[in-house]
Structures are given as C-alpha cells and as structure tokens.
Amino acid sequence: MQALSREEQDTLRAILRRVFDEAAVDTLLKALDHLAARGDQGIADLRRWLEGSLGGLQTEVNQLTKGYGSVEEGLARLTVAHARMEEALTRLIEAHARLEEAVVRLAEAQARTEERVARLEEAQIRTEERLARVEEALARLAEAQARTEERVARLEEAQARTEERLTRVEEGQRRLEEALARLAEAQAQAEERIARLERLMEQVTRQVGALSDVIGGDLEDAAYIVIHDTFTRELGWKVDVLERTFLRWDNHELEVDIMGRAYDPARPKYEIWIVGEAKYNITVGEVERFAKKLPLISEYLTRQDEEKKERLIVPVCFCYRARPEVRERIYDLGFHLVFSYGRVIWGKGGPPVSRRKKTASRKGAR
C-alpha cells in the first residue's frame, strides 16, 4: 500500500482551502491519506475519482470566480461537490471493505487449495506406487502369458496326436464291433452245442454214477475181506463184520467207508474199532479228509459207550495203489495202509498190539 505523495497533498490542500478552513483541510487530508494507505485498488479508485471530481471542482471554482463572481453561488456549488466527494468516499470505503473480505476469502480458498494440492500430491505418490506395482504385475502376467501360450502350443500338438490316435481307435473299435458280432454269433452256436453236450453229460453222469456204485461196492467188498484177513493173520485178532456205516447223533451225520469191531486176545478189556477209507488211487487230500473224521467218530463212540471201556481206534487206508507222498503222509499220521493184494504198511507207531505181541510180529515179519 502507498500513501498520497507530497505533490498530491499540496494540490488537494490548495483546492480544499478555497472551500474549508485550515483545520478541516488537515482533517480531510489525513482521512484521504489513511484511505490511500489501506489499499492500492482503493487509492487508485480514489485518485481517479479525485482527479475527475477535483478537476471538475477546480474548473467550477475557476468558472465561479471568473464567470459569476458570486461567492455564495460558488459556495453552494462547492457544497454540492463536497457532498458528491463524501458520497464517493463512502462508496470507496465500502468497496475497500468488500475488497478486504474478498482478500480474506481468497486467502482461505488459497489455504484450502494448498491443502487439496498437498492431498493430491500424496495421492499422486500413492498412485505412482500402485502404478509401479501394476506395471510389475503386468510384467509377470506377460511372462505367465508367454508360458501359457507355449503350453497351449504343446497342448495343441498333443491334441492333434490324440485325435490321430482316436481315429485309429475308432477304426479298431469298428473292427472290434464286427469281430464281436461274429463272436456273438459263434457264441450262440457254441451255447447251442454246449446245451447239447450238457444233455449228453447228464446221460453220461447217470451212467458213470451207476458204474461207480458198482465199482465202489466191489472196492469196499474187497476191502472188508482183505482187511479182515490181514488183521487176523498179522495180529491174531478176531475181526467182526466190516461194512459201510452211517453215524448220526445230535446235529451230526457222518459216513464211514469201513467200520467194525475187533478183539485182541492179549487185551481182552479193550474195545477195538477198525475204521477205514477205501479208494482205488488214494490221494493226500482224501487222507486229510479221513483224518478229520476220526475225532467225530471218537465222539460218537463215547456217546454210545455207557460202560466207559478203554477204547482203541485203528485207522486204516485201503487202496489198489498210492503214490510215495501219499504213503509218507499215511505213515506220519500213524495210519495203516493196506493194499488190495494183502500187503500192509504199519503206521509210524507200528502195529496196534502189545509189546510182546509186537515183538513176535516183527520176528515173524523178518
């Protein structure tokens, strides 16, 4: 802000002295100088107004002095000019006040603007950081995309190979379906032939069953005779009738090929039972199944014996022939093997007789 210059003060003082006394002139000059010091815009407006108003006033004063010569008329006009000047000063003061308010609002707006700019700068920094991360992610995405494209290319190649293989598979499937159709036709023919064979087999089975009954009966009949003679001859026992026996007790039912009583003169108090299995060509499996029958036979005999006598069960296997491994298993189980031609092979414990009788039997055997 700039106050009135010395020259401006002298000019105003000379003009105002024509209208006001010296004290009023000093007061007006101080007010004008104070207003000029408060703002450049105000002083500029004041100067323009003063230049116009005072210039006009000077002209009017001069005209009044020269043209009319009347002091009262000049004073009246000067009073009107003074009123206009005061009105202008009032408007100047009001304009200056509005200017100050505008400057305050402008300062506040400037502060808010600077605050927003600061926030914008911070947001810009964060945006740049996010952009940097986005650029880095885009770079990784580009690398992943390149790898994906490479994998897709390999997949397309594999798909082409797969389609080629599918074509071959479809061709093979077609040939397979044709072969299956032929096979189904052949299967139908085979099933028809099998049905005829089954009917024939049923007839053969019935015939073989009848023959087996005849042959089995002949085998067991031979077993009864040979075992009877063998034990009588070798051990001096008295042997009752041997025969096929069906044992039934509680919920059990058991079939035994050979079963009958025997008596040892050396042990008259013993109850001796000969039990046996008769087969043409006996096998290890048949020997094992026969071995499982013995505990059941013993249980049956115990239930039938009210006197609770001492009992001896003598297991015998009768056959026309037996392989070496079958003979060994019969021997290890302590069973006695009797062949159809009368030969006997005693089990692991030797013949079922007393020691005195056993020694006599061994001497006789030698």
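Computed from a predicted model, the values in this text were never measured in an experiment.

Rules used in this analysis
- Each chain carries its own residue numbering, running from 1 in the written order of its sequence.
- Totals for whole chains, interfaces and linings use every residue, but because this is a predicted model, local features are given only for residues with pLDDT of at least 70 and side-chain atom pairs only at 80 or more, for both listing and counting.
- Hydrogens are left out, water is left out, and the side-chain values use all remaining heavy atoms of the structure.
- Each helix corresponds to a stretch of at least 4 residues labelled H or I by DSSP, and each strand to a stretch of at least 2 residues labelled E; elements are numbered beginning at the N terminus.
- Whether a residue is buried, partly exposed or exposed follows from its accessible area with a 1.4 Å probe, protein chains only, as a fraction of its type maximum: under 20%, in between, or over 50%, in that order.
- Each accessible area is a Shrake-Rupley result for a 1.4 Å probe, and residues are judged covered by the shown protein chains and nothing else.
- Salt bridge, as used here: a side-chain nitrogen of Lys or Arg that lies within 4 Å of a carboxyl oxygen of Asp or Glu.
- The span one expects for a helix is its residue count, reduced by one, times 1.5 Å.
- Each direction from the helix axis to a C-beta atom contributes to the arc, which is the arc of those directions.
- Grouping into patches uses exposed residues only, defined as over 30% relative accessible area, and leaves out salt-bridged ones; the cut-off is 9 Å for like charges and 5 Å for nonpolar side chains (Val, Leu, Ile, Met, Phe, Trp, Tyr).

1. Notes on the overall build of the protein
Then step 1. Each helix and strand counted, the protein has 7 helices and 7 strands in total.
Then step 2. In the protein, the succession of α and β elements from N to C terminus is α-α-α-α-β-β-β-β-α-β-α-β-β-α.
Then step 3. Sorting the 366 residues of the protein into buried and exposed places 26% on the buried side.
Then step 4. Here the protein displays about 25100 Å² of accessible surface, and carbon together with sulfur accounts for 53% of that area.

2. Notes on the pattern of salt bridges
Then step 1. The tally for this structure, following the rule as stated, stands at 27 salt bridges.
Then step 2. Residues Arg-233 and Glu-234 are paired through a salt bridge, measuring 3.4 Å at the closest nitrogen-oxygen approach.
Then step 3. The salt bridge involving Arg-244 is made with Asp-257; its shortest N-O contact spans 3.2 Å. Of this pair, Arg-244 sits in strand β2 (residues 243–249) while Asp-257 sits in strand β3 (residues 252–264), and the two are 13 residues apart along the sequence.
Then step 4. Accessibility expressed as a relative area gives 30% for Arg-244, which makes it partly exposed.
Then step 5. Look at Asp-257 and you get buried, because its relative accessible area is 7%.
Then step 6. Within this structure, Glu-220, Arg-244, Glu-255, Asp-257, Glu-277, Lys-279 and Lys-293 form a network of salt bridges that share partners.

3. Considerations on helix α1 (residues 6–17)
Residues separated by three or four positions in an α-helix point in the same direction, a consequence of the helix having 3.6 residues per turn.
Then step 1. With 12 residues, α1 should cover 16 Å at 1.5 Å per step; its first-to-last C-alpha distance of 16 Å lies within 8% of that length.
Then step 2. Of all the residues in α1, the buried ones are Leu-12, Ile-15 and Leu-16. Down the axis of α1, the buried side of the element spans an arc of 95 degrees, and every buried residue falls inside it. Opposite the buried face of α1, at more than 90 degrees from it, the exposed residues are Arg-6 and Glu-7.

4. Focus: a nonpolar patch on the surface
Then step 1. A grouping of Val-134, Leu-138 and Leu-141 is seen on the molecular surface, where their side chains present a nonpolar patch of about 280 Å² in accessible area.
Then step 2. By secondary structure assignment, the location of Leu-138 is in helix α4 (residues 71–235).

5. Looking at unusual backbone geometry
Apart from glycine, the bulk of residues carry a negative phi angle, and the bulk of peptide bonds sit in the trans form.
Then step 1. Of note in the backbone geometry, Asp-250 takes a positive phi value of approximately 50 degrees without being a glycine.
Then step 2. Looking at the secondary structure, you find Asp-250 in the loop between β2 and β3.
Then step 3. Residue Asp-250 is classed as exposed on the basis of its relative accessible area, which comes to 58%.

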